[in-house]
Amino acid sequence: MMRGIWLFLILCVMTATCADAAKKKPRNLNNIKKEQQAARKAIQQTSEQITAKEQETRRTLNTLNSINAEIAEKEQQIKTLNTEVDSIDRHITALNDTIAEMQKHVEALKQSYAQSVKRIKMGREGSMSQLAFIFSSDSFLQAYRRMRYLKQFSKWREKKTADIANSQKEVEAMRDNLVAAQNDRNTTLTKINAAKTQLNLQQEQTSQLADNLKKESASLRKVLREKERQARELDRELERLIAEEQARQERLRKQEEERRLAEERRIAEEKRQAELAAAQSKKKKDSGKKSGTKRKPAKETAQAAPPKQPASSKPASTAKKAAPAANLPNVAESTRKLTGSFESNKGRLLFPVEGRYKIVRPFGRQKHPTLRHVTTDNSGIDIEAKPGAAARAIFAGKVSAVFRQPGFNTIVMIRHGQYLTIYANLGDISVKTGEEVKAGQTIGHIYVDTDDNNRSIMHFELRKEKIKLNPSAWVK
């Protein structure tokens, strides 16, 4: 019985093993290679999909920033137009008040004129004509006085008539101004309505884009983290370059100071030697007089006092030329002058981009206007311009560095005394390190991102050595 059970169990195990073996295909080298190729292809496709998703997220984010900048511009435009409407309304009110006052003035002039004419006619014995009024005089003197009176009365009438006509013209001119002001008001209101319509459309676009980004929150977080990492690397590189430049300037300053001190010591030593030689010469001369000896010839006297020569023409000229011999600038003086010129133009410096532009990311730590819980920190401003727009120096200075950085392409740093301007994300440049540039000079063109609908965005920074400043407060 037990033996039969064991035989049955062994038969079942063998049957199951054979079935599994029949199901499984033999794994040879070709099959393994095919499986590896399929796995690599799947990994590559997944990686491409992730990259494409990140690029799409980046494009959407840039588009959202661009539209937000346009919305801010439209809101400012509407605010300005509303201010214009308020000003026009005040002007219209003032015109209406003035017209009313002028109309009262005209009516008062007319009434005064009519009453004066009426009183004069009544005083001239009814409806007597001017000739009858003159010839009815009792004497020649009275006739003369009546002629003068009639002449003055005629001039008065002409003046009053002219006053009334001029006042009426002023009223008509004010009414024309009133009509023009009302037309301006209507035109401005039409602009406001058009701007509001466009603003509403743009706000709808931002809502849709924001919803799309929220759906891809993981990709958005990754893109934002990458941008922050690139910005930190740029900060570190800029701080390293600035520190190297400061150290180099400090070495130059110390060398110049050491050279100046050495020159002062040399001049002091020459002066001391000259004074010592003069004292020795005088001592010999005095001792010669006392001993009654003859005076030495002029040739010997000249030989006895050679140390006086360095204080005269030839050594003095050598001392004056010694300081600039190394061709080194006075760093402190040049910095002071450049800094003063740069600071005096605060708020009036050239904008770093030619043509139309919009600031898509402002300076400093900002909450995103559309995406809640998203905060960005910007060391400068991001400027979107037309594709391939020219970047220009905002002020005269010297190119202190040209380098490349991931995420920012080519970067140019220009020194203006103690101030530095940084132009990042350039596609090509037309300057080199050490070159002097003028205000408004083109230093390159902004990189055109073909993966982002040919968008051109330049990152611009302004610093006082390592201190970051808001460029919007300096450029115009």
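Since the model is a prediction, treat every value here as computed from it, not as a measurement.

Looking now at the packing of aromatic side chains. The full count for this structure, using the stated rule, is 6 aromatic pairs. On the numbers, 5.6 Å between centres and 35 degrees between planes, the contact of Phe342 with Trp474 is tilted. Placement of the pair is Phe342 in helix H8 (residues 331-344) and Trp474 in the segment after strand S12 (467-469), with a sequence separation of 132 residues. Here Phe342 matches Trp474 in class, with each residue buried. Each ring, one from Phe351 and one from Tyr357, has its centre 3.8 Å from the other, and the planes form 15 degrees; the classification is stacked. For Tyr357, a relative accessible area of 36% corresponds to the partly exposed category. These aromatic residues form a ring-pair network of at least three members: Phe342, Phe395, Tyr419 and Trp474.

With that settled, consider unusual backbone geometry. A negative phi angle is the norm for most residues apart from glycine, just as the trans form is the norm for most peptide bonds. A positive phi angle, near 55 degrees, is found at Asn453, a position not held by glycine. Despite not being glycine, Glu465 shows a phi value in the positive range, around 55 degrees. In this fold, Glu465 is placed in the loop between strand S11 (456-464) and S12. A relative accessible area of 16% places Glu465 in the buried class.

Bringing the pattern of salt bridges into the picture now. Opposite charge on two side chains makes pairing possible when the charged atoms of those side chains draw close. This model, assessed by the stated rule, comprises 24 salt bridges. Put simply, Arg240 and Glu237 hold a salt bridge, and the shortest N to O gap is 2.6 Å. With a gap of 3 residues between them, Arg240 and Glu237 both fall in helix H5 (residues 217-291), about one helical turn apart. Taken together, the shared-partner salt bridges in this structure form one network comprising Asp235, Glu461, Arg463 and Lys468.

Reading guide: rules and limits
- Residues numbered from 1 in each chain as written.
- Predicted model: local features only at pLDDT ≥ 70, side-chain atom pairs only at ≥ 80, totals over all residues.
- Heavy atoms only, no water.
- Phe/Tyr/Trp six-rings, centres within 6.5 Å; stacked < 30°, edge-to-face > 60°.
- Helix = DSSP H or I, 4+ residues; strand = E, 2+ residues; numbered from the N terminus.
- Buried < 20%, exposed > 50% of the residue type's maximum accessible area, 1.4 Å probe, protein only.
- Salt bridge = Lys/Arg side-chain N within 4 Å of Asp/Glu carboxyl O.

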